[in-house]
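Residues per chain are reported as follows:
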Amino acid sequence: MKCWKWAALFLLLIGVAACGSAPVEEHHYSLRLDALSDTDYSAQRVSDSAETLVVTSVRLPEYLRSNNLVMQVGDNEILPARRHFWAEPLAESIKSVLEHDLGRHLEAVAVARDRSADGCSLDVEFERFHATDHARVVSSGHYRLQHRGGSIERSFDTSRTQNDGGYGSAVGELRKAVDALAAALAAELNDGVACGDSSAQAEAIP
């Protein structure tokens, strides 16, 4: 075989190898970006004597602690996405967005970032926060809201149906699920159940 044929074959093999090793496109998602672009939200302005709420922790099950998005297949199988990732640690992101949404919905209770602030404290534990193969996102768990008179414990389920397929749509619906949880919490706080009269009795609801 002539030299030019060997050269052509060599270049062809290099081209095939280059195509085979082309980088695979990855997708990164953030819950916070939507909150940061919320032009309808303005920072709370409350008096120094106003009640405060601190979100002390947001906990996730082990399978949600990686940066991969996951999908539930069937009743009990979890598949991590290969090319779809959270842009930041999910628990921190949910906590930040939940604080933002509580600030939008609350009337006379200020959301504080300082854990030493007096007032109420909120601990949230998610049992599910992911997409499913049935065009739904599931968001459920329980929370404990401590106030000066005691504590409230409730379970929650803010699961939603996806209108469109894909992980991008799922992230959008999960974002709405956090807002729905914040709205439910704010309704309770705005009624004065948790951060109202310090003589209120403890209430525990399984």
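Figured I'd write up the structure that's included with this text.

### Describing the environment of phenylalanine 156
Thinking step 1. Residue position: phenylalanine 156 is located in strand S8 (residues 150-157).
Thinking step 2. For phenylalanine 156, a relative accessible area of 9% corresponds to the buried category.

### Description of the packing of aromatic side chains
Thinking step 1. Across all of its chains, the model carries three aromatic pairs by this definition.
Thinking step 2. When the centroid spacing of 5.3 Å and the interplanar angle of 80° are considered together, the rings of phenylalanine 126 and phenylalanine 156 count as edge-to-face. Taken as a pair, phenylalanine 126 in strand S6 (residues 120-132) and phenylalanine 156 in strand S8 lie far apart in primary sequence, 30 residues in all.
Thinking step 3. The class of phenylalanine 126 is buried, set by a relative accessible area of 2%.
Thinking step 4. Note on tyrosine 143 and phenylalanine 156: the rings are 6.5 Å apart at their centroids and 25° apart in plane angle, and the pair reads as stacked. Of this pair, tyrosine 143 sits in strand S7 (residues 136-147) while phenylalanine 156 sits in strand S8, and the two are 13 residues apart along the sequence.
Thinking step 5. The exposure class assigned to tyrosine 143 is buried, which follows from its relative accessible area of 6%.

### A look at the environment of isoleucine 152
Thinking step 1. Looking at where isoleucine 152 falls in the secondary structure, it is placed in strand S8.
Thinking step 2. In this structure isoleucine 152 comes out as buried when scored by relative accessible area, which is 0%.
Thinking step 3. It is 9.6 Å that separates the C-alpha atoms of isoleucine 152 and leucine 122, two residues lying 30 residues apart in sequence.

### Things to note about unusual backbone geometry
Thinking step 1. Even without glycine at this site, alanine 135 takes up a positive phi of about 55°.
Thinking step 2. Inspection of the secondary structure assignment puts alanine 135 in the loop between S6 and S7.

### Thoughts on helix H3 (residues 90-105)
Thinking step 1. In this model H3 runs 22 Å from its N-terminal to its C-terminal C-alpha over 16 residues, within 8% of the 22 Å that 1.5 Å per residue would give.
Thinking step 2. Among the residues making up H3, those that are buried are Leu90, Ser93, Ile94, Val97, Leu98, Glu99, His100, Asp101, Leu102 and Gly103.

### Here we look at the pairing of strand S5 (residues 109-112)
Thinking step 1. Side-chain alternation along S5 places Val109 and Val111 on one buried face and Ala110 and Ala112 on a second face that is also buried.
Thinking step 2. Here strand S2 (residues 51-59) pairs with S5 via four bridges, running parallel. In the strand pairing of S5, threonine 52 is matched with alanine 110.

### Brief notes about the packing of H3 against helix H4 (residues 167-190)
Thinking step 1. Running from amino to carboxyl end, H3 crosses H4 at an angle of 45°, the nearest separation of the two axes being 8 Å. The orientation of H3 relative to H4 falls into the category oblique. Judged by the twist between their axes, the crossing of H3 over H4 is right-handed. Side by side, H3 and H4 meet where Ile94, Val97, Leu98, His100, Asp101, Leu102, Arg104 and His105 of the first sit next to Arg175, Val178, Asp179, Leu181, Ala182, Ala183, Leu185, Ala186 and Asn190 of the second.
Thinking step 2. Of the residues assigned to the contact of H3 with H4, the class counts are 10 nonpolar, three polar and four charged.

Parameters and conventions
Residues numbered from 1 in each chain as written. Predicted model: local features only at pLDDT ≥ 70, side-chain atom pairs only at ≥ 80, totals over all residues. Heavy atoms only, no water. Helix = DSSP H or I, 4+ residues; strand = E, 2+ residues; numbered from the N terminus. Buried < 20%, exposed > 50% of the residue type's maximum accessible area, 1.4 Å probe, protein only. Phe/Tyr/Trp six-rings, centres within 6.5 Å; stacked < 30°, edge-to-face > 60°. Expected span 1.5 Å × (residues − 1). Pairing = 2+ DSSP bridges. Axes fitted to C-alpha atoms, helices over the stretch in contact; angles between N-to-C directions. Parallel < 35°, antiparallel > 145°, perpendicular 65-115°, else oblique. Left-handed = near helix turned anticlockwise from the far one by under 90°. Contact = heavy atoms within 4.5 Å. Nonpolar A, V, L, I, M, F, W, Y, C, P; charged D, E, K, R; others polar.

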